[in-house]
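# Summary of structural features
The lines below spell out each chain.
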Amino acid sequence: MDKLYHLNFGKSDLGDNPPKIAFLSGDPARAAQIAGTFFDKVTCLSEYRGLDSYMGKIGGVPILSTTSGMGAPSLSIMVNELIQLGVETVIRVGTSGSIQPDVKVGDVVITSGSLCVQGAAHDIAPRDYPAHADPFVSVALANSAKEQGKNYHLGITASVDTFYEGQGRVSGANPNLMRSHQGLVDEYQQLNVLNFEMEAGTLFKMASVYGFKAGCVCAIIAERVESENVVMEMKNAAVDSAISVAVGALKYL
Ligand code: URA
């Protein structure tokens, strides 16, 4: 038995030509959607703790679609175990809230680097260590988005630990933001940060420390300049776009 504890599968499950590329989604339904829509010869490797994984091929290339779970601590565990299995490239396919008025619901953001305000990342590298995507993966994602005619933006993402306080939301259970979190959307807007999400910064620091390639494409599902709410009616279409940009990037890698 060579199963890794959280992935719940091991090298012996991956065959003679094990996947070197993994798509990583926060939501297990998205991991299943990627595999079900785009993979040939899909195998479900694990359905465990909501951190489900699938293996298949795209254009003959073996590939994984795995779930990170929500937030950087969970992602860090799944990525650590994927790298133990020989994965060399991780592409996060996420959802996100925009900070800039020209980044609209339904657009996709490709992260070139993160403002990484994430506790898990401190266990991996110093706070000031850069959190940047692999430039070749980012260009592959941008080429894919351009080819597919998507509205895409390439730039800086704020990767934070919380959906509410860390993203300056006061409409949840806690209306009392700390002073440092009041006016966060305006502050980040002025710093030309494009969007909020909860995993990429830690993924990028892990990539530089461990020596693998990482990229991130996120579907915009909230416009924080307008509202704190997710636009549920447009979520599926936005997620479909981010997935198709991620899959389309493979041929540029
Ligand atoms: N994910 C986030 O982290 N923030 C949002 O606003 C939407 C999705």
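Please refer to the structure placed before this passage.
Since this is a predicted model, take the numbers as computed values, not measurements. Residue positions are counted from 1 within each chain, in the order its sequence is given. Reporting of local features is limited, given that this is a predicted model, to residues whose pLDDT is at least 70; pairs of side-chain atoms are given and counted only at 80 or more, and all residues count toward the totals for whole chains, interfaces and linings. Just so you know, side-chain values use all the structure's heavy atoms and leave hydrogens and water out.

## Looking at helix α2 (residues 72-84)
Taking 1.5 Å as the rise per residue, α2 with 13 residues should run 18 Å; its terminal C-alpha atoms sit 18 Å apart, in good agreement. Here the buried face of α2 lies against β1 (21-25), β4 (61-67) and α5 (200-210). Backbone geometry just downstream of α2 places glycine 86 in the positive-phi region, at approximately 95°. Helix and strand assignments follow DSSP, with helices taken as H or I runs no shorter than four residues and strands as E runs no shorter than two, numbered in order from the N terminus. Multiplying one less than the number of residues by 1.5 Å gives the expected span of a helix. Here, residues are in contact when the closest pair of their heavy atoms is within 4.5 Å.

## Considerations on the site of the ligand
Only heavy atoms are used to decide nearness, and a residue is near a molecule or strand if one of them lies within 4 Å of it. Every residue lining the ligand is accounted for by Thr95, Ser96, Gly97, Phe163, Gln167, Arg169, Phe196, Glu197, Met198, Ile221 and Ala222. Identification of polar contacts relies on pairs of N or O atoms within 3.5 Å, with a donor-acceptor requirement for protein atoms, meaning one able to donate a hydrogen and the other able to accept it, and with residues adjacent in sequence counted only if both atoms are side-chain atoms. At a separation of 3.4 Å, a nitrogen atom of the ligand approaches a polar backbone atom of threonine 95. Here the accessible surface of atoms and residues is derived via Shrake-Rupley with a 1.4 Å probe, and residues count as covered only by protein chains that are part of the display. A total of 240 Å² of accessible area belongs to the ligand in isolation, and the protein chains cover 94% of it. Breaking the shell around the ligand down by element, the ones donating at least two residues are β5 (89-98), β8 (193-197) and β9 (213-223). Ranked by residues supplied to the shell around the ligand, first place goes to β5 with three residues.

## Brief notes about the side chain of threonine 111
Take threonine 111: it is sitting in strand β6 (residues 108-117). Think of it in three bands: residues with accessible area under 20% of the maximum for their type are buried, residues over 50% are exposed, and the middle band is partly exposed, with areas taken using a 1.4 Å probe on protein chains only. Assessed through its relative accessible area of 0%, threonine 111 is described here as buried. In terms of polar contacts, threonine 111 uses its side chain to reach the side chain of threonine 157, at 2.6 Å. The residues contacting threonine 111, other than those within four sequence positions of it, are Ala133, Ser138, Gly155, Thr157, Phe204 and Cys216.

## A look at the packing of helix α1 (residues 28-38) against helix α6 (residues 232-248)
Packing of α1 against α6 leaves a shortest axis separation of 11 Å and a crossing angle of 60°. When the axis of α1 is compared with that of α6, the two are oblique. Remark: the crossing between α1 and α6 carries right-handed chirality. Together, Arg30, Gln33, Ile34 and Phe38 of α1 and Val239, Asp240, Ile243, Ser244 and Val247 of α6 make up the contact between the two elements. Polar here means any residue other than Ala, Val, Leu, Ile, Met, Phe, Trp, Tyr, Cys and Pro, which are nonpolar, and Asp, Glu, Lys and Arg, which are charged; Gly is therefore polar. Here the residues of the contact of α1 with α6 are counted per class, giving five nonpolar, two polar and two charged. Every axis corresponds to a line fitted to the C-alpha atoms, with the helix fit spanning only the stretch in contact, and the corresponding angles, defined between N-to-C directions, vary from 0 to 180 degrees. An angle below 35 degrees is read as roughly parallel, one above 145 as roughly antiparallel, one from 65 to 115 as roughly perpendicular, and any other as oblique. The handedness criterion is simple: a crossing whose near helix is rotated anticlockwise from the far helix by less than a right angle is left-handed, and one whose near helix is rotated clockwise is right-handed.

## Regarding the packing of aromatic side chains
Side-chain rings of Phe, Tyr and Trp (the six-membered ring for Trp) are treated as a pair once their centres are within 6.5 Å; stacked means planes under 30 degrees apart, edge-to-face means over 60, and tilted covers the remaining angles. Here the structure, examined in full by the defined rule, presents three aromatic pairs. Centroid distance tyrosine 188 to phenylalanine 196: 5.8 Å. Interplanar angle 50°. Geometry classified as tilted. The burial state of tyrosine 188 is the same as that of phenylalanine 196; both residues are buried. Here tyrosine 210 and phenylalanine 212 contribute two aromatic rings whose centre-to-centre distance is 6.1 Å and whose plane-to-plane angle is 65°, an arrangement assigned as edge-to-face. Take tyrosine 210: its relative accessible area is 31%, and that puts it in the partly exposed class. The ring centre of phenylalanine 163 lies 3.8 Å from the NZ or CZ of arginine 169, which sits over that ring. Should the NZ of a Lys or the CZ of an Arg lie within 6 Å of a ring centre and within 35 degrees of the ring normal, that charge is described as sitting over the ring.

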